[in-house]
Amino acid sequence: MLDTYNGMPATKIHEARWQKSRRSNSQGNCVEMAELPGGSIAVRNSRHPEGPALIYTRLEIEALILGAKDGDFDNLIN
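An account of the accompanying structure is given in this report. (Residues numbered from 1 in each chain as written. Predicted model: local features only at pLDDT ≥ 70, side-chain atom pairs only at ≥ 80, totals over all residues. Heavy atoms only, no water.)

### So, the environment of cysteine 30
Next, step 1: Among the structural elements, cysteine 30 can be located in the loop between β2 (19-20) and β3 (31-35).
Next, step 2: Taking C-alpha positions, cysteine 30 is 22 Å from leucine 59, a pair spaced 29 residues apart along the chain.
Next, step 3: Once residues within four sequence positions are removed from consideration, cysteine 30 is found in contact with Lys20, Ser21, Ser24, Arg44, Asn45 and Ser46. (Helix = DSSP H or I, 4+ residues; strand = E, 2+ residues; numbered from the N terminus. Contact = heavy atoms within 4.5 Å.)

### Observations concerning the pairing of β3
A regular strand places its side chains so that they alternate between the two faces of the sheet.
Next, step 1: Burial of β3 is one-sided: the residues Glu32 and Ala34 facing one way are buried, the residues Val31, Met33 and Glu35 facing the other way are not.
Next, step 2: Sheet analysis places β2 next to β3, joined by two bridges and oriented antiparallel. If you follow glutamine 19 over to β3, its bridge partner there is methionine 33.
Next, step 3: Where β3 lies against strand β4 (residues 41-45), five bridges are found, and the strand directions are antiparallel. Residue pairing for β4: alanine 34 is matched across the bridge by alanine 42.
Next, step 4: Hairpin connection between β3 and β4: a loop of five residues separates the two successive antiparallel strands, and glycine 38 in this loop has a positive phi of roughly 95°. (Buried < 20%, exposed > 50% of the residue type's maximum accessible area, 1.4 Å probe, protein only. Pairing = 2+ DSSP bridges.)

### A closer look at the side chain of serine 46
Next, step 1: With respect to the secondary-structure elements, serine 46 resides in the loop between β4 and β5 (52-56).
Next, step 2: A distance of 2.7 Å separates a polar atom in the side chain of serine 46 from the backbone nitrogen of cysteine 30. (Polar contact = N/O pair within 3.5 Å; in protein donor to acceptor, adjacent residues only side chain to side chain.)

In structure tokens form, the structure reads like this:
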């Protein structure tokens, strides 16, 4: 297994099975996430799949998702 790190090319994470939200627009512009061996979560921009991936812990992703559900970031899209 390749050691993963923040900013590494997403295409180098061969074990990743990328998924995006069903809410992604018709052009496919969305953030994609993949669970990695060991439980970390990789995140990439679907418009630039060869670009950098950011690696987060499960707890960091959980905080992001729960915050989004609670409306913590609604001011960013209005």
